[in-house]
Amino acid sequence: MTKKAVSVYMAATCSMVIVAPGRLVCGIIFAVEIFLLMLFGILFKALMKKLKLHKLMQFCMLLFVVYFTLIFKNLLILFMPEIALQMGFLLFLPTISTFTTVFLMDKTDSTLKETFIKDFPLTFLFAGYILLFSLIRDIFGYGTISLPGAGRHIEIVIFNHPGISVMSFIATIPGALILTSLLLSLYLHLEKKYHILIKAGE
């Protein structure tokens, strides 16, 4: 994934978690979807290269990620209908961002091994950000930690939430927008420090 693609994907990830319900269980679903999209998308792209279908690459990749998302959504409806109803069309947001950044913007001819080494650590970064963001919103917004369960989600109560309060603001979209700004500022600060340390090491 190119540096430009990483920036675009990070922005798309932030957009996803802002509009998604402020529950950890939704963040887990997003993280699993992104991980599986990347895994099977990279394998499918390698297969297309092996078959030398370069001219049909983008079209076939688009069909693949869309159909994969439909299968994923139907499985979610089967096992967790409540969460599937809450998330709805939001399940297609990782599909769009993954296709445009990883499979459309990335023009490199890397081998399968090189692609995994280059892209998979970033997948864990994006998934980790989604989980952290959703966890913060869940705890401070609702006073709970919500986890996937059979046919429904499980709520672990951390503290008795007082209802509408200053903390509940974080579960709203404006609150999520402010939280995103804070986390992005922290991420950019740490990234800058990291590059400074790398240059100092050279």
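Residues numbered from 1 in each chain as written. Predicted model: local features only at pLDDT ≥ 70, side-chain atom pairs only at ≥ 80, totals over all residues. Heavy atoms only, no water.

1. Digging into the overall build of the protein
Here comes step 1: In terms of helices and strands, the protein carries 7 helices and 2 strands.
Here comes step 2: Long-range pairs, those at least 24 residues apart, make up 74% of the contacts in the protein between residues at least 6 apart in sequence.
Here comes step 3: A total of about 11300 Å² of accessible surface is found on the protein, and carbon and sulfur atoms cover 75% of it. (Helix = DSSP H or I, 4+ residues; strand = E, 2+ residues; numbered from the N terminus. Contact = heavy atoms within 4.5 Å. Areas by Shrake-Rupley, 256 points an atom, 1.4 Å probe, with all protein chains shown as cover.)

2. Here's the deal with the packing of aromatic side chains
Here comes step 1: One pass over the full model with this rule turns up 5 aromatic pairs.
Here comes step 2: Both rings, one in Phe 44 and one in Phe 64, keep their centres 4.4 Å apart while their planes meet at 10°; by these two values the pair is stacked. On the criterion of sequence distance, the pair formed by Phe 44 in helix 2 (residues 24-50) and Phe 64 in helix 3 (residues 57-79) is long-range, its members being 20 residues apart.
Here comes step 3: The structure contains a cluster of three or more aromatic residues connected by ring pairs, namely Phe 40, Phe 44, Phe 64 and Phe 68.
Here comes step 4: In this structure, Arg 23 is placed above the aromatic ring of Tyr 142, and the distance from its NZ or CZ to the ring centre is 3.8 Å. (Phe/Tyr/Trp six-rings, centres within 6.5 Å; stacked < 30°, edge-to-face > 60°. Lys NZ or Arg CZ within 6 Å of the ring centre and 35° of its normal.)

3. Details of the confidence of the model for the protein
Low-pLDDT stretches of the model should not have their predicted coordinates read in fine detail.
Here comes step 1: With 86% of its residues at a pLDDT of 70 or more, the protein has an overall mean of 80.
Here comes step 2: Ranking the helices and strands of the protein by mean pLDDT puts strand 1 (residues 144-148) first, with 90, and helix 1 (residues 3-19) last, with 71. (pLDDT = per-residue confidence, 0-100.)

4. Focus on the nonpolar core
One recurring pattern in soluble globular proteins: nonpolar side chains tend to sit buried together.
Here comes step 1: With 29 residues, the main nonpolar core has Ile 29, Phe 30, Met 87 and Phe 133 as its most contacted residues.
Here comes step 2: If you list the elements that add at least two residues to this core, you get helix 1, helix 2, helix 3, helix 4 (81-87), helix 6 (112-142) and helix 7 (173-201).
Here comes step 3: At 7 residues, helix 2 tops the list of elements feeding residues into this core.
Here comes step 4: Other than its neighbours up to four places away in sequence, Met 87 contacts Cys 26, Ile 29 and Phe 30.
Here comes step 5: Ranked by size, the runner-up nonpolar core spans 8 residues in total, among them Met 48, Met 57, Cys 60 and Val 65. (Core = buried A, V, L, I, M, F, W, Y, C linked by side-chain atoms within 4.5 Å. Buried < 20%, exposed > 50% of the residue type's maximum accessible area, 1.4 Å probe, protein only.)

5. Quick word on the packing of helix 2 against helix 6
Here comes step 1: Their axes nearest at 8 Å, the elements helix 2 and helix 6 cross at an angle of 170°. Our classification of the angle between helix 2 and helix 6 gives roughly antiparallel.
Here comes step 2: Across the contact of helix 2 with helix 6, the residue classes break down as 19 nonpolar, 4 polar and 2 charged. (Axes fitted to C-alpha atoms, helices over the stretch in contact; angles between N-to-C directions. Parallel < 35°, antiparallel > 145°, perpendicular 65-115°, else oblique. Nonpolar A, V, L, I, M, F, W, Y, C, P; charged D, E, K, R; others polar.)

6. Let's talk about helix 6
Here comes step 1: Along its 31 residues, helix 6 runs 43 Å from first to last C-alpha, staying within 8% of the 45 Å computed at 1.5 Å per residue.
Here comes step 2: Residue Asp 119 marks the point of greatest curvature in helix 6, where the axis turns by about 30°; the proline Pro 121 follows within four residues.
Here comes step 3: Gly 143 lies just past helix 6 and shows a positive phi near 75°. (Expected span 1.5 Å × (residues − 1). Bend = angle between axes of the 7 residues up to and from the residue.)

7. Concerning the pairing of strand 2 (residues 153-157)
Successive side chains on a regular strand alternate, one facing one side of the sheet and the next facing the other.
Here comes step 1: Where strand 1 and strand 2 come together, 5 bridges link them in antiparallel fashion. When the bridges of strand 2 are listed, Ile 145 appears paired with Ile 156.
Here comes step 2: Hairpin connection from strand 1 to strand 2: 4 residues lie between these consecutive antiparallel strands, with Gly 151 at a positive phi of about 80°. (Pairing = 2+ DSSP bridges.)

8. Some thoughts on the side chain of Arg 23
Here comes step 1: Structurally, Arg 23 can be placed in the loop between helix 1 and helix 2.
Here comes step 2: Aside from chain neighbours lying at most four places away, what touches Arg 23 is Ser 134, Asp 138, Tyr 142, Thr 144, Ser 146 and Glu 155.

9. Overview of a nonpolar patch on the surface
Here comes step 1: A cluster of nonpolar side chains, contributed by Phe 59, Leu 62, Leu 63, Val 66, Tyr 67 and Leu 70, occupies part of the molecular surface with about 530 Å² of accessible area.
Here comes step 2: When you line up the elements, Leu 63 lands in helix 3. (Patch = residues over 30% accessible without salt bridge, like charges linked within 9 Å, V, L, I, M, F, W, Y side chains within 5 Å. Salt bridge = Lys/Arg side-chain N within 4 Å of Asp/Glu carboxyl O.)

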